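Geometric and topological summary
Listed here are the chains, written in short residue letters.
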Amino acid sequence: MATERTLSIIKPDATKRNITGKIIDKFESAGLRVVAQKRIHLSDAQAGDFYAVHKERPFYGDLVSFMTSGPVVVQVLEGEDAIAKNREVMGATNPSEAAAGTIRAEFAESIEANSVHGSDAPETAAEEIKFFFSDDEIVG
Ligand code: RTP
Ligand code: MG
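Small disclaimer: the values here were computed from a predicted structure and weren't measured.

1. Observations regarding the pattern of salt bridges
Any two side chains of opposite charge can pair, on the condition that their charged atoms come close. Applying the stated rule across the entire model yields 5 salt bridges. Put simply, E78 and R5 hold a salt bridge, and the shortest N to O gap is 2.8 Å. Of the two residues, E78 is situated in strand 3 (residues 72-80) and R5 in strand 1 (residues 3-10); the sequence distance between them amounts to 73 residues. Among the ionic pairs, E137 bridges to K38, the shortest N-O distance being 3.4 Å. Here E137 is found in the segment after helix 7 (122-132), whereas its partner K38 is found in strand 2 (residues 33-40), with 99 residues between them in sequence. Overall, the relative accessible area of 24% leaves K38 in the partly exposed class.

Shown next, in the form of structure tokens:
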């Protein structure tokens with residue numbers, strides 16, 4: 001297995017409840033390392049672009065409103081098999097289907113307000129990291 005990087009977003013429902021540390025603890029406990037991080041408030045255009053893949057889905061408008069409803073913490077996570085490992089630690093999109101101990105099982109409020117985003121493949125990870133970070137902002 002290779003060392004990989006993946007993009008994580010701690011979503012507005014989690015920043016609102018001041019539980020970013022509890023979420024980061026889950027990443028670190030799984031062997032993932034935070035190698036870049038910033039707290040930002042996404043604009044409509046940024047959130048719309050970031051989730052453009054879902055443009056035709058019925059939940060797209062609500063998703064963009066939710067993602068701009070408060071600050072987010074965007075991060076690059078690094079580690080062995082980081083993309084799959086992060087998805088595992090996050091749990092299923094719908095918290096009612098998320099395995100016990102996962103971030104979404106413990107912290108998500110709903111299928112939309114589900115506390116975290118994580119890249120789903122090497123190509124999307126590379127694109128999503130570039131979307132938020134320049135090379136010199138990532139310190140491995
Ligand atoms: P993400 O992209 O945020 O990591 O989540 P994911 O891969 O597990 O789920 P995805 O299908 O890519 O959906 C992106 C985000 O859209 C919201 N969503 N709402 N109302 C709904 O039925 C619904 N379905 C998805 C969630 O915030 C989901 O994480
Ligand atoms: Mg997704």
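Now that the structure has been shown, we can carry on.
2. Some points on the UniProt feature "active site" (unreviewed entry) in the protein chain
Mapped onto this structure's residue numbering, the UniProt feature "active site" (unreviewed entry) falls at H117. With respect to the helices and strands, the residue H117 is situated in strand 4 (residues 116-118). Not counting residues up to four positions away in its chain, the partners in contact with H117 are L7, S8, I9, K11, F50, Y51, N86, M90, R104 and E128.

3. Let's talk about unusual backbone geometry
A positive phi angle, near 60°, is found at N18, a position not held by glycine. Looking at the secondary structure, you find N18 in the loop between helix 1 (12-16) and helix 2 (20-29). Positive phi is not limited to glycine here, since D81 has a value of about 55°. You can see D81 is positioned in the loop between strand 3 and helix 5 (82-90).

4. As for the environment of A105
Looking at the element boundaries, A105 is found in helix 6 (residues 103-107). A relative accessible area of 35% means that A105 is categorised as partly exposed. In sequence terms A105 and A84 are 21 residues apart; their C-alpha atoms lie 17 Å from each other.

5. Brief notes about the packing of aromatic side chains
One pass over the full model with this rule turns up 4 aromatic pairs. Centroid distance F50 to Y51: 5.1 Å. Interplanar angle 85°. Geometry classified as edge-to-face. According to the relative accessible area criterion, F50 is buried, its value standing at 10%. With a centroid separation of 5.5 Å and an interplanar angle of 45°, the aromatic rings of F50 and F132 are classed as tilted. Here F50 is found in helix 3 (residues 44-50), whereas its partner F132 is found in helix 7, with 82 residues between them in sequence.

The rules behind these values
Residues numbered from 1 in each chain as written. Chains lettered and ligands numbered in written order. Predicted model: local features only at pLDDT ≥ 70, side-chain atom pairs only at ≥ 80, totals over all residues. Heavy atoms only, no water. Salt bridge = Lys/Arg side-chain N within 4 Å of Asp/Glu carboxyl O. Helix = DSSP H or I, 4+ residues; strand = E, 2+ residues; numbered from the N terminus. Buried < 20%, exposed > 50% of the residue type's maximum accessible area, 1.4 Å probe, protein only. UniProt positions renumbered as here; feature names shortened; annotations may be inferred. Contact = heavy atoms within 4.5 Å. Phe/Tyr/Trp six-rings, centres within 6.5 Å; stacked < 30°, edge-to-face > 60°.

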